Amino acid sequence: MAAFPFLSASLVLLQLALQCSAQHLNLTTGPLHLPNHTPGDGCVHLPIIHSTNTDHFARRGIQLALNNRSDVAYYAQLDIGTPPQTVYTQLDTGSFELWVNPDCTTVSPSDSSFCDHIGFYNASLSSTSKSLGTSKTLRYGIGAANISYVTDNISLSGSSTSLKSIQFGVATSTKDAFSGILGIGYGQGLATKYPNFIDQLYAQKITKVKAYTLALGSKTAQQGSIVFGGVDTSKFAGPLAKVPIIEAADSPDGVPRFWVQMDGINLSPPSGESMPVYEGSKVPAFLDSGSTMTLLPPKLANKMAEDFGSPEPDANGFYRVGCEYVEMNGTVDFTFMGVGQKVTVRVPYKEMIREVGQGESKMCFLGVMGSESFTLLGDTFLRSAYAVFDFQTNSIWLTQASSCGNTPAALRDITDLSRVVGNCQIQPGQKEAVVDVVSETSIAPPAGSTGDSDGVTGTGGNGGDGATRWGFVTTTLAVPMGAATGSASSGGSGGGSMSAAALASSGRRMAAGDVVLSAAVAVGAAVLGSLL
């Protein structure tokens, strides 16, 4: 080989490029099957309790009416202090802070019975509690919460995991807040001045990766799960698609939220034939588990509602639809373009429609509202999605939610997400959620040949929470005011280039591995050609 130094060098380049390209395409070792979760392995599995779960909450004397705002939220159990005091808090991907102890005398009677039984924290009863001597007012669309900061230990339900000296707020007074909130959005340096709950899980080495997965569960499931530092492979089928989070500086509101770019929304009626993508649906949206409804631009919401037989919203902005849609097999399909893949989350009509009341008095409303201010994907979308919130590469790993058991597993490294596969099976008649865009890309024909090719394009620590609430709907938006400047950088592979003919033909952006591969093949071919 020494007699042909150029050949040696080109073959080395070729070997490295093949390895790099294979890793980019996840071909090196195939699908990754993670071992089941064991204590201390780097993940924490926490049940998400639906507030409609009367079997669970009945032990606490809660009787829920279907028209309560409190019945459409999702809760996690925290054990705070020494000895532990059990508190239920609303899980909220749209805010940044943890606070507890709402004043239940300021909420409506329909919500007060729930509020009275979520549990309350008394700092004077905990030997590990420490007051920080600072306070803040959180302001909402209606109502407010005045909180004082403390630190204390927090244990997670069903786990031996204990976080030490976690900063959170204890409400001294609130207005129209029926529970505390566990904000699981961005933290220190982006939305808060101190390490929030997610920051501390990683900093205290409870998890090996700074990520969590969310599976709210369907309306009938009544319980979902969140896995900090891992995934639950029995909550989805096939691979996950990596969707970059839009940088705060480039997002519609300039706030570090889980903004992603939608590639379109369309209906798939019971007939099975997908309708065209709605005009105006290729817009940024952020994922917010603290919001009951999905908020879309008014023209888009109106058009979707018309397809469900609702010509216009009522005085409160709701679209009333026929309850017969709940029994139909159609879906509302949300598509996102990921890194080398696209993913479609298909929301069944029954999950997109909100049912209020019972019997002859039951009314049904579309789970979408028009909004000029925000486009967000709330619980009516998230119940049908399996989402991994990846703080290390600033990405959302997304696919269709499913359920075939309970197998939480720790992620050893954040790169595991590119290879992990779900245990569930795609049911007959269902379409795959994740489609490999690269495999759909045609390769350019050799020079001089003929043929056609189709291109495939390829509640912060520094400010208040803004919330909008309408009747049975709650939307909590955290606004970090005066936070440290910074933004979450988008994930994704770096851009590159290949031959003009191949790039024009394929229409996709090439990763760095493809650039090296292209160069190595060109050099190797030239050297080999000169030797033959």
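Residues numbered from 1 in each chain as written. Predicted model: local features only at pLDDT ≥ 70, side-chain atom pairs only at ≥ 80, totals over all residues. Heavy atoms only, no water.

### As for the overall build of the protein
- When helices and strands are tallied, the protein shows nine helices and 30 strands.
- The burial tally for the protein puts 52% of its 532 residues in the buried class.
- Just so you have it, the protein exposes about 22400 Å², and 54% of that area is on carbon and sulfur atoms. (Helix = DSSP H or I, 4+ residues; strand = E, 2+ residues; numbered from the N terminus. Buried < 20%, exposed > 50% of the residue type's maximum accessible area, 1.4 Å probe, protein only. Areas by Shrake-Rupley, 256 points an atom, 1.4 Å probe, with all protein chains shown as cover.)

### Here's the deal with the state of the cysteines
- For the coordinates displayed, the defined rule picks out three disulfides.
- Paired through a disulfide, Cys 323 and Cys 364 show a sulfur-sulfur distance of 2.1 Å. Taking the sign of the S-S torsion, 110° for the link of Cys 323 and Cys 364, the bridge is right-handed. Here the residue Cys 323 occupies a position in the loop between β17 (320–321) and β18 (331–337), and Cys 364 occupies one in strand β21 (residues 363–366), the gap between them amounting to 41 residues.
- We classify Cys 323 as partly exposed; its relative accessible area is 24%.
- The side chain of Cys 404 participates in a disulfide bridge whose partner is Cys 424; the two sulfur atoms lie 2.2 Å from each other. (Disulfide = S-S within 2.5 Å.)

### Digging into the side chain of Asn 266
- With respect to the element layout, Asn 266 can be found in strand β14 (residues 259–268).
- The class for Asn 266 is buried, based on a relative accessible area of 9%.
- At 3.4 Å, the side chain of Asn 266 and the backbone oxygen of Met 275 are in polar contact.
- Among all residues touching Asn 266, those that are not within four sequence positions of it are Ser 274, Met 275, Pro 276, Val 277, Tyr 278, Thr 331, Val 332 and Asp 333. (Polar contact = N/O pair within 3.5 Å; in protein donor to acceptor, adjacent residues only side chain to side chain. Contact = heavy atoms within 4.5 Å.)

### Describing the side chain of Ser 384
- As for its placement among the helices and strands, Ser 384 is situated in the loop between α7 (379–382) and β24 (385–390).
- Ser 384 sits in the buried class, given a relative accessible area of 5%.
- Sequence-distant contacts of Ser 384, that is, excluding residues within four places in its chain, are made with Val 345, Arg 346, Val 347, Pro 348, Glu 351, Thr 399, Gln 400 and Ala 401.

### Points about the packing of aromatic side chains
- A complete count under the given rule lists 20 aromatic pairs for this structure.
- Seen from their ring centres, Phe 308 and Tyr 349 are 5.0 Å apart, and the 65° between their planes marks the pair as edge-to-face. Residue Phe 308 is located in the loop between α5 (298–307) and β17, and its partner Tyr 349 is located in helix α6 (residues 349–352); the two are separated by 41 residues in the primary sequence.
- Each residue in the set Tyr 186, Phe 197, Tyr 212, Phe 228, Phe 258, Phe 389 and Phe 391 is aromatic and connected to the rest through ring pairs, giving one cluster.
- For Arg 257, the ring lying beneath its charged end belongs to Phe 286, and the centroid distance is 5.1 Å. (Phe/Tyr/Trp six-rings, centres within 6.5 Å; stacked < 30°, edge-to-face > 60°. Lys NZ or Arg CZ within 6 Å of the ring centre and 35° of its normal.)

### Thoughts on the environment of Ser 371
- By secondary structure assignment, the location of Ser 371 is in the loop between β22 (368–370) and β23 (376–377).
- Considering only alpha carbons, one finds Ser 371 and Lys 299, 72 residues apart in sequence, at a separation of 9.4 Å.
- Those residues in contact with Ser 371 that lie beyond four places of it in its chain are Leu 295, Leu 296, Pro 297 and Pro 298.
- There is a polar contact of 3.1 Å between the side chain of Ser 371 and the backbone nitrogen of Phe 374.

### A look at the sheet that holds β21
- The antiparallel open sheet is built from three strands, whose spatial order is β17-β21-β20. The open sheet has two edge strands with one neighbour each: β17 and β20 (353–356).
- Here β20 runs beside β21; their pairing, made up of four bridges, is antiparallel. Of the residues in β21, the one forming a bridge with Arg 354 is Phe 365. (Pairing = 2+ DSSP bridges.)

### Side note on the pattern of salt bridges
- In the structure shown here, the tally under the stated rule is eight salt bridges.
- In this structure, the salt-bridge partner of Glu 97 is Lys 136, at a minimum N-O distance of 2.4 Å. In this pair, Glu 97 sits in the loop between β3 (85–92) and β4 (98–100) while Lys 136 sits in strand β5 (residues 130–139), placing the two residues 39 residues apart along the sequence.
- Among the residues examined, Lys 136 registers a relative accessible area of 14% and is labelled buried.
- The partner of Arg 257 in a salt bridge is Asp 253, with the nearest N and O atoms 2.7 Å apart.
- Given a relative accessible area of 4%, Arg 257 falls into the buried group.
- A relative accessible area of 26% means that Asp 253 is categorised as partly exposed.
- Bridged by salt links that share partners, the residues Lys 219, Glu 355 and Lys 362 form one connected network. (Salt bridge = Lys/Arg side-chain N within 4 Å of Asp/Glu carboxyl O.)

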